[in-house]
Amino acid sequence: MIIMHKDATQEEINHVIAEVQKLGFKADVSRGESITIIGVIGDERNIPFHQLSILPGVKETRMIETPYKLISREYNADHATNRIIHAGEVEIGGKTPVYIAGPCAIESKAQLFRIAEEVKKAGAHILRGGIFKPRSSAHSFQGLGAQGDSEAREALTWLRDAGRMFEMPTITEIRGETKVELIAEYVDILQIGARNMYDQDLLGVVARQGKPVLYKRHFGASVEEFLSFSEYLAVEGNKDIILCERGVLPTGKGKSFTRYTLDLAAVPAIQEETYLPVIVDPSHATGRRDLVYSMSCSAMAAGASGLAIEVHYNPAESWVDAAQAITADELKNIIDTCNRLHALAVENRKKAFNKPGR
């Protein structure tokens, strides 16, 4: 990164950016109240640090050691400031937690609109609904979108209209590159699921849509891998990235009582590394509706910026992941409790960050 002097002029900043681009690199600018940092994007082995360090207005050049440079706190000009992402009127990463709720899979227009109304009353802010469903079995329901483009567009229209009717931004998962532009026409937030976390080409196409991206951690990925691959979104100029912890594969022998192991320690660990908001998906992590409440509360205590929860008016009849869906009444109980826990967690987090040496 190239750190500019506090009194560097805009002309000097523009000159540095032009020089970076002339050398064949991309330039990313992070502006704070008192400092401007220019990130150099490209093969770091070929960056001429000395040449850049003597340009007018440059205070110093410094290598960021982490592989996730653009989303690191070190690179952020306002080091302690978190990024707030806007989806409609909703702020993600702000002072209050955000709740994403809805059916795992959209089954019909009536089903979606009923659930949308119920989760809105329960206190949810963002409406989710699966249209293209990545499934472990080729013989499982793949979502209405898998039935054809006309069916996909119809389901996307339902999702958009339900969001508008109940005043909630919408989100759905993208399963492949060919559907990115279609989905981006209709929804406010694009989701990249755990199975596609490593798909670099998909990440680039999604990032270039210019919409917020909810990015889920793969169940076999380390935290460093998760953040490193998030960088593929940031290098495209899109830093509206919502990181989502949704559980990792369990280790050891014997029966596993949950679908995955929810790595809640990753939430505060990631928050120390990056300025991006982190939410938790207790539904996919546990695979059990009876554990969603406890893990939701635990996520808030860990400092999560929000939750993504699957809701159905009759969970037993849900076409996908019936075992982990909860009712809207249960969602309301979770939201009421988690709002109180979040306020307490934020206060404790401030104290932790203000400790000597932070």
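Notes on the structure in this doc start here. (Residues numbered from 1 in each chain as written. Predicted model: local features only at pLDDT ≥ 70, side-chain atom pairs only at ≥ 80, totals over all residues. Heavy atoms only, no water.)

Our focus in this paragraph is the pattern of salt bridges. One pass over the full model with this rule turns up 18 salt bridges. With a shortest N-O distance of 3.1 Å, K22 and E19 are connected by a salt bridge. Here the residue K22 and the residue E19 both occupy positions in helix α1 (residues 10–22), the gap between them amounting to 3 residues, near one helical turn. On the accessibility criterion, E19 (16% relative accessible area) is buried. Among the salt bridges present, the one from R259 reaches D321, with a minimum N-O distance of 3.1 Å. With R259 in the loop between β12 (241–245) and α8 (266–273) and D321 in the loop between β14 (306–310) and α11 (328–353), the pair connects residues that are 62 residues apart, well separated along the chain. Taken together, the shared-partner salt bridges connect R217, E245 and D263 into one network. (Salt bridge = Lys/Arg side-chain N within 4 Å of Asp/Glu carboxyl O. Helix = DSSP H or I, 4+ residues; strand = E, 2+ residues; numbered from the N terminus. Buried < 20%, exposed > 50% of the residue type's maximum accessible area, 1.4 Å probe, protein only.)

Two descriptors summarise a pair of aromatic rings, namely the distance from one centre to the other and the angle between the planes of the rings. Counted according to the given criterion, the structure contains 5 aromatic pairs. A centroid spacing of 6.5 Å and a plane angle of 65 degrees characterise the contact between F113 and F166, whose relative ring orientation is edge-to-face. Note that F113 is positioned in helix α3 (residues 109–122) and F166 in the loop between α4 (149–165) and β9 (170–174), a separation of 53 residues in sequence. Grouping residues by exposure puts F113 and F166 together as buried. An angle of 20 degrees between the planes, with centres 5.5 Å apart, marks the rings of Y215 and F226 as stacked. Here Y215 is found in strand β11 (residues 213–216), whereas its partner F226 is found in helix α7 (residues 223–234), with 11 residues between them in sequence. (Phe/Tyr/Trp six-rings, centres within 6.5 Å; stacked < 30°, edge-to-face > 60°.)

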